[in-house]
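Below are the chains, spelled out letter by letter.
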Amino acid sequence: MDEGLKSELSKQGVFTTTFEQVYNWGRKNSIWPLNFGLACCAIEMIAAAMARWDLARFGAEVFRPSPRQADLMIVAGTVTKKMAPQVVRLYNQMPEPKYVIAMGACAISGGPFKQGYNVLKGIDRYIPVDVHIPGCPPRPEALLHAFMTLQRKIDEQALTGEQRPPFLVAEAPSEFPVPKCGAHDLEPPNNPAVWQPPGLVKAD
Amino acid sequence: METLDQIKARAEAANPGARLEIIPNGSPSGQHSILVDNQHAAAVAKFLRDDPLLQFDYASNVAGVDWPDTVLKKVVKVKQVVEGVERELDQTVEEKKPGYLEAVYHLYSMQLRHGPLILRLRTADRAERNHLPSLTSVWRGAEFQEREAFDLYGIVFDGHPDLRRILMWDEFKDYPMRRDYVEPDDYEYEPTAHDDVLEKARKHAESAV
């Protein structure tokens, strides 16, 4: 709708909107996170949900203990290779539309444990991540910022056309293969459909 | 607490056939330890726990140690006949020392408020003969820590009630805390690579170009 006409009508006391705007407005203000934490980042996540930072202001205070009722997965903490299959399985069990925030250095890259034999180098190797938050651990403000970023992302999603989000594309995958516990490492070590190792550029 | 020599003498007297050895620690901490032979380890452990003067009722820590195979190079003088004249020549002799695994128990007495006493058990080698007697029957708290030593070092504790991997998954085959552990090669770019990581980065850069 033409912005000029819209503002002209609003001056006359006529409120106009689109289905897309109302739909996205509703979605972005009721993101229900999945109630789970993996390490110390989860403590910051809990703090963000409590009165001082008050995640309820964003309509996201309803932490759901079941993945079936959750819209958002906050991967808060170190993802060990032993835990990674369960995290991917939880993601698969969430209904669309679903979003992922990777919270903290460990969840986005392995963090201080990157060289460890037992730590996954970032959950984005197996599932698509919408917002990455650096920090060790990130302060609750950083998580609030991630929420606002995610809200903006949801708000900007077009429901029709080529640019529509994956959950409205019938062919787009909603579930991702759960890695197997192998003899030496997880098999496969990453999901090539979601993540590719960064290319090396020789400096000279 | 009695000295290690006194403990050793009394433990050997109480358990005929047991061989204890005091392993000195040359560092400033000077925490010397006692090495027990595997056959009598459980009996000696029971003695340490139940003896009225010792009463080591608390195993605070069980650690694994990996001692890899080492090659010692020695210069030996060898007499050889060269061109009819007997001469002394230097010859380097390589002496192979087989490696072994150790389980180290740190014992305290809550009753008498003394400790630690450091008890060592040693396997015959690092490959097949990697068995040690479990001391879980003496100190119940050692159960999970022995499982951890089994998981990360591959020490098999005979008589352990539930010897499974505890940190890694059951299908895992390696022992990641051993010094010859080779981790899976899934290097990715790091902005501040250094030491081993830098070495790895160089290798990957060479193979990429």
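Going by the structure above, here's the rest.
Everything quoted here is computed from the prediction, not taken from an experiment. (Residues numbered from 1 in each chain as written. Chains lettered and ligands numbered in written order. Predicted model: local features only at pLDDT ≥ 70, side-chain atom pairs only at ≥ 80, totals over all residues.)

Draft legend 1. Representation of the overall build of chain A in the model. Across its full length, chain A holds 6 helices and 5 strands. Counting helices and strands in the order they occur from the N terminus, chain A gives α-α-α-β-α-β-α-β-α-β-β. Considered along the principal axes of its C-alpha atoms, chain A spans approximately 70 × 45 × 40 Å. Out of the 204 residues in chain A, the part that is buried amounts to 33%. Sequence-distant contacts in chain A: of pairs separated by 6 or more residues, those separated by 24 or more amount to 76%. (Helix = DSSP H or I, 4+ residues; strand = E, 2+ residues; numbered from the N terminus. Buried ≥ 20, exposed ≤ 12 C-beta atoms within 10 Å, placed from the backbone. Contact = placed C-beta atoms within 7 Å.)

Draft legend 2. Broad picture of the overall build of chain B. Within chain B, the regular secondary structure consists of 4 helices and 9 strands. Along the chain direction, N to C, the helices and strands of chain B fall in the order α-β-β-α-β-β-β-β-β-β-α-β-α. Structurally, chain B occupies a C-alpha span of about 65 × 60 × 35 Å along its principal axes. Going through the 209 residues of chain B one by one, you find that 23% of them count as buried. For chain B, restricting intrachain contacts to residue pairs at least 6 apart in sequence, the fraction spanning at least 24 positions comes to 55%.

Draft legend 3. A look at the environment of A39 of chain A. Residue and element names in this part refer to chain A. Turning to its location among the elements, A39 is positioned in the loop between helix 2 (19-28) and helix 3 (41-49). On the basis of neighbour count, A39 is assigned to the partly exposed category, with 19 C-beta atoms found within 10 Å. Sequence separation between A39 and C106 is 67 residues; the distance between their C-alpha atoms is 9.4 Å. Discounting chain neighbours no more than four positions away, the residues touching A39 are G77, T78 and C106.

Draft legend 4. Up close: the interface of chain A and chain B. Between chain A and chain B, the contact holds 15 residues from the first and 18 residues from the second. Grouping the constituent residues of the side of chain A that touches chain B by class yields 7 nonpolar, 4 polar and 4 charged. (Nonpolar A, V, L, I, M, F, W, Y, C, P; charged D, E, K, R; others polar.)

Draft legend 5. How the structure looks around the packing of helix 3 of chain A against helix 6 (residues 140-155) of chain A. Residue and element names in this part refer to chain A. Between helix 3 and helix 6, the least distance of the axes is 8 Å, while the angle of their chain directions is 75 degrees. In terms of orientation, helix 3 and helix 6 fall into the roughly perpendicular class. In this structure, helix 3 uses E44, M45, A47 and A48 to contact helix 6, whose residues at the interface are P140, L143 and L144. Split by residue class, the contact of helix 3 with helix 6 holds 6 nonpolar, no polar and 1 charged. (Axes fitted to C-alpha atoms, helices over the stretch in contact; angles between N-to-C directions. Parallel < 35°, antiparallel > 145°, perpendicular 65-115°, else oblique.)

Draft legend 6. Geometry of the sheet that holds strand 2 (residues 99-103) of chain A. Residue and element names in this part refer to chain A. With parallel pairing, the 3 strands of this open sheet are ordered in space as 1-2-3. Two strands in the sheet have a free side with no partner beyond their single neighbour: strand 1 (72-76) and strand 3 (131-133). Across the sheet, the mean angle separating the axes of adjacent strands is 15 degrees when strand polarity is ignored. Along the sheet, helix 6 makes contact with strand 2 and strand 3, crossing strand 3 at roughly 165 degrees. (Pairing = 2+ DSSP bridges.)

Draft legend 7. Highlighting the packing of helix 2 of chain A against helix 6 of chain A. Residues and elements named next belong to chain A. Two elements in contact, helix 2 and helix 6, have axes whose closest approach is 9 Å; the angle formed by their N-to-C orientations is 160 degrees. Relative to helix 6, the element helix 2 lies roughly antiparallel. For the pair helix 2 and helix 6, the sense of crossing is right-handed. On the side of helix 2, the interface is formed by N24, R27 and K28, while helix 6 contributes Q151, I154 and D155. Its residues placed into classes, the contact of helix 2 with helix 6 shows 1 nonpolar, 2 polar and 3 charged. (Left-handed = near helix turned anticlockwise from the far one by under 90°.)

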